[in-house]
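# A look at the structure
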Amino acid sequence: MTGKTRENYNKNYLNYVKTQNPPTNHFRNCIAAFGVGGLICCIGQFIRYMLSYVGLTGDELAGATSIVLIFLGCLLTGFGVYDRIGRHAGAGSIVPITGFANSVASPAIEFKTEGWIFGMAAKMFTVAGPIIVFGVFSGVIVGLIYLFI
């Protein structure tokens, strides 16, 4: 294929892609992500206030709030509600801790039919695994920098 032919082919392909993809409303997507992400954070703050009335403080309060939010994220993923929220909110549903719970629970549910070991257990961290590895690696690097400074 010559250079001119390849260039025409690329232009034709890009024009085809533009005709097939509906235009996106970036402003509406940002507002939806901000609203849903903020709502999830408000729910987390409400849970934190309720747990503080029980008598939890400090690290116990933070841990219990995270556990409740992760549980709710997994529960909503299991019922299929979190996927609908994600279609509407985009990044607003992915960024909070509930989005991380969704990224672990969703592949586990999807591959459950392949068995406990090779299905659910092996595929559970296909999405979240690289995030966990990068997070731990970054934490080690930052810790070493902090140690030597």
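These notes cover the structure that comes with them. In this text, all values refer to a predicted model and were calculated from it rather than measured experimentally. (Residues numbered from 1 in each chain as written. Predicted model: local features only at pLDDT ≥ 70, side-chain atom pairs only at ≥ 80, totals over all residues. Heavy atoms only, no water.)

## As for the overall build of the protein chain
Quick note on the threshold: Going along the chain from the N terminus, every DSSP run of H or I of four or more residues is numbered as a helix, and every run of E of two or more is numbered as a strand. A radius of gyration in this sense is built from C-alpha atoms; the matching globule rule multiplies 2.2 Å by the number of residues raised to 0.38. Type-normalised accessible area, obtained with a 1.4 Å probe on protein chains alone, sets the label of each residue: buried when under 20%, exposed when over 50%, and partly exposed for intermediate values. Contacts are assigned to residue pairs that have any heavy atoms within 4.5 Å of one another. Using a 1.4 Å probe, accessible areas were evaluated by the Shrake-Rupley method; residue-level cover was limited to the displayed protein chains. Working convention for charge: Lys and Arg count positive, Asp and Glu count negative, and His plus the chain ends are omitted. Positions of charges follow a simple convention, taking NZ of Lys, CZ of Arg, CG of Asp or CD of Glu.
A tally of regular secondary structure across the protein chain gives eight helices and zero strands. Along the chain direction, N to C, the helices and strands of the protein chain fall in the order α-α-α-α-α-α-α-α. What you see for the protein chain is a C-alpha radius of gyration of 21 Å, clearly larger than the 15 Å of a compact globule of 149 residues, by over 25%. Summarising its shape, the C-alpha atoms of the protein chain cover approximately 70 × 45 × 40 Å along the three principal directions. For the protein chain, the residues scored as buried account for 21% of the 149 residues in total. Considering only contacts in the protein chain between residues 6 or more positions apart, those separated by 24 or more positions represent 49%. Summed over its atoms, the accessible surface of the protein chain is roughly 11,200 Å², and 71% of this surface lies on carbon and sulfur atoms. Within the protein chain, one finds 10 positive and 6 negative side-chain charges whose respective centroids are separated by 15 Å.

## Some words on the environment of Met 124
With respect to the element layout, Met 124 can be found in the loop between helix H7 (116-123) and helix H8 (129-148). Its relative accessible area of 23% is what places Met 124 among the partly exposed residues. Other than its neighbours up to four places away in sequence, Met 124 contacts Ser 103, Val 104, Pro 107, Ala 108 and Gly 119.

## A closer look at the packing of helix H2 (residues 26-54) against helix H3 (residues 58-78)
Basically, it comes down to this: Axis geometry follows a simple rule: fit a line to the C-alpha atoms, using only the stretch in contact for helices, then measure angles between N-to-C directions, giving values from 0 to 180 degrees. An angle below 35 degrees is treated as roughly parallel, one above 145 as roughly antiparallel, one from 65 to 115 as roughly perpendicular, and anything else as oblique. Here is the rule for handedness: rotate from the far helix to the near one, and if that takes an anticlockwise turn smaller than a right angle the crossing is left-handed, while a clockwise turn gives right-handed. Think of it as three bins: nonpolar holds Ala, Val, Leu, Ile, Met, Phe, Trp, Tyr, Cys and Pro, charged holds Asp, Glu, Lys and Arg, and polar takes everything else, Gly as well.
Where H2 meets H3, the closest approach of the two axes is 9 Å, and the angle between their N-to-C directions is 130°. In terms of orientation, H2 and H3 fall into the oblique class. As for the relative orientation of H2 and H3, their crossing is right-handed in sense. Contacts from Gly 44, Ile 47, Arg 48, Leu 51 and Ser 52 of H2 reach H3 at Leu 61, Ala 62, Ala 64, Thr 65, Val 68, Leu 69 and Leu 72. Broken down by class, the residue content of the contact of H2 with H3 amounts to eight nonpolar, three polar and one charged.

## Describing the nonpolar core
For clarity, the threshold we go by: The criterion is simple. A nonpolar core is a set of buried Ala, Val, Leu, Ile, Met, Phe, Trp, Tyr and Cys residues joined through side-chain atoms within 4.5 Å.
Of all hydrophobic cores here, the largest spans five residues; its members are Ile 47, Leu 51, Leu 61, Ala 64 and Leu 69. Every element with two or more residues in this core is listed here: H2 and H3. Of the residues forming this core, the biggest block, three residues, is contributed by H3. Not counting the four nearest positions on each side in its chain, Leu 61 is found in contact with Arg 48, Leu 51, Ser 52 and Leu 56.

## A look at the side chain of Ser 103
Put simply, the rule reads: N or O atoms closer than or at 3.5 Å make up a polar contact, with two conditions inside protein: a donor-capable atom paired with an acceptor-capable one, and, for residues adjacent in sequence, both atoms drawn from side chains.
Relative to the helices and strands, Ser 103 resides in helix H6 (residues 97-110). For Ser 103, the side chain forms a polar contact with the main-chain oxygen of Phe 100, separated by 2.7 Å. Leave out the neighbours within four places in its chain, and Ser 103 touches Met 124, Val 127 and Ala 128.

## Description of H3
Residues spaced three or four apart along an α-helix face the same direction, because each turn holds 3.6 residues. The test is simple: How far a helix is expected to stretch is found by multiplying one less than its residue total by 1.5 Å.
Here H3 spans 31 Å end to end across 21 residues, near enough to the 30 Å set by a 1.5 Å rise per residue. Turning to H3, its buried residues are Leu 61, Ala 64, Thr 65, Leu 69, Gly 73 and Thr 77. Residues of H3 that are buried make contact with H2, helix H4 (81-89) and H6. Where H3 terminates, the next one or two residues include Gly 80, which has phi positive at roughly 80°.

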